[in-house]
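Breakdown of the fold
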Amino acid sequence: MNEVWLILGMFAITFGIRFVMFAFAGKITFPVWMQQSLKFVPPAVLTAIIVPAVVMPYGDMDISFTNVYLLAAIISVMISLVTKSLLKTIFFGMLVFLLLKLLIA
Amino acid sequence: MVKYCHYFINLKKVSIIDHQQLKKAEFKAGCKAAIPLIIGAIPFGILFGTLAPTSGLSVWATMAMSLFVFAGSAQFIVLALIAVQAPLEIILLTTFVVNLRHLLYATALVPRVAHLPIALRAFLAFGLTDETFANMSQRYQPDSPLGNDHQYAHYFYIGSIFSFYTTWSSATALGLILGNIIPDMTSWGLEFAMSVTFIGMVVPYVNSKAMLSATFSAAIASLYFFYLPNKLGLIISALIGVAAGLSVIRMQKMSINNQEKKV
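Since the structure is predicted, the reported quantities are computational estimates derived from the model, not experimental observations. (Residues numbered from 1 in each chain as written. Chains lettered and ligands numbered in written order. Predicted model: local features only at pLDDT ≥ 70, side-chain atom pairs only at ≥ 80, totals over all residues.)

Along chain A, the regular secondary structure elements total five helices and zero strands. From first element to last, N terminus to C terminus, chain A shows the α and β order α-α-α-α-α. A globule of 105 residues ought to have a C-alpha radius of gyration of about 13 Å, yet chain A, at 20 Å, is considerably larger. For chain A, the C-alpha atoms occupy an extent of roughly 60 × 40 × 25 Å along the three principal directions. Residues counted as buried form 41% of the 105 residues belonging to chain A. Once local pairs closer than 6 in sequence are excluded, the contacts in chain A between residues at least 24 apart make up 29%. (Helix = DSSP H or I, 4+ residues; strand = E, 2+ residues; numbered from the N terminus. Rg over C-alpha atoms; globule rule 2.2 N^0.38 Å. Buried ≥ 20, exposed ≤ 12 C-beta atoms within 10 Å, placed from the backbone. Contact = placed C-beta atoms within 7 Å.)

Here it is in structure tokens:
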């Protein structure tokens, strides 16, 4: 992939979104349904990335106790629910993943 | 009368106050306000710098992304897409969708910045991250320690951006260096680091029926559409999730309206 286009494109898009309202200072407004839908975007995108990554880590559906990615992901969800802390979730989630990998693989 | 004289003198004092000093005070307060959020962001900057080369991004592109794009969650998502060799168009489309929330932030801040020169507004827009938006929302609260005079509040904004920008780019650089020192990172299963990071980000969102149905539908759809070419499944699943969330909100409103009618 051409990394120059990647950076330029990401810059243009991100900056464009952040700047458009400031540039036209109050001359644009949004319909309510759009404002409501924006808050669903980050969790929906993130979920759509996580689920295939852990359910089919090697490209095929693998719902079993030998799929350490799926096991560690489920445990990480529980860790996140209990600790309510992003950093703790990452730390303990990784720990669980590496332990499971040692045990099962 | 004496009382009023005193008041008058005080007023004079206020007008003598150096405007430079006020600006400096706002700037410093902005830098400081960012610190708690920065502490949370440093590990992610480091993680980004460490993970990026293992996902297939070059060192300079990793650095350039933190310096020019400056959007934490979008940067991580793009890494995940590069790792699965998604094409450029899908990556850019995803960047667009993921960053759309900044429109809401900008809309909320427009009344505060509309009077500033356009070049300054462009600069402020560049630095409008989730964190700086959180800082600015606090600054405009009536109980802000800096008071209700917002004449120089944009210096607070600049201070928050300054703190955040310098830390985010340094943390990325540090991560790149760390990743270089410890070369065999991929074999440790660092690809799971991304998944677990995203899990930790999503779970706190899921606090309502609407959010639950949005994430659940996105999850099912992402498996169903996984084999679509060019990772198109990601965008489709995200849209399905958003649609599911919206329809739950609609249904809840309808049932509330019906109940009101019955009463």
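Read on for the rest.
Looking now at the overall build of chain B. Looking only at helices and strands, one finds 13 helices and zero strands in chain B. Taken from the N to the C terminus, the helices and strands of chain B come in the order α-α-α-α-α-α-α-α-α-α-α-α-α. Looking at chain B as a whole, 40% of its 263 residues are labelled buried. In chain B, once contacts between residues fewer than 6 apart in sequence are set aside, the share between residues at least 24 apart is 76%.

Time to look at the confidence of the model for chain A. Mean pLDDT over chain A works out to 89, with 98% of the residues at or above the 70 mark. Taken element by element, chain A is modelled with least confidence in helix α2 (residues 32-38) of chain A, mean pLDDT 81, and with most confidence in helix α4 (residues 68-83) of chain A, mean pLDDT 96. (pLDDT = per-residue confidence, 0-100.)

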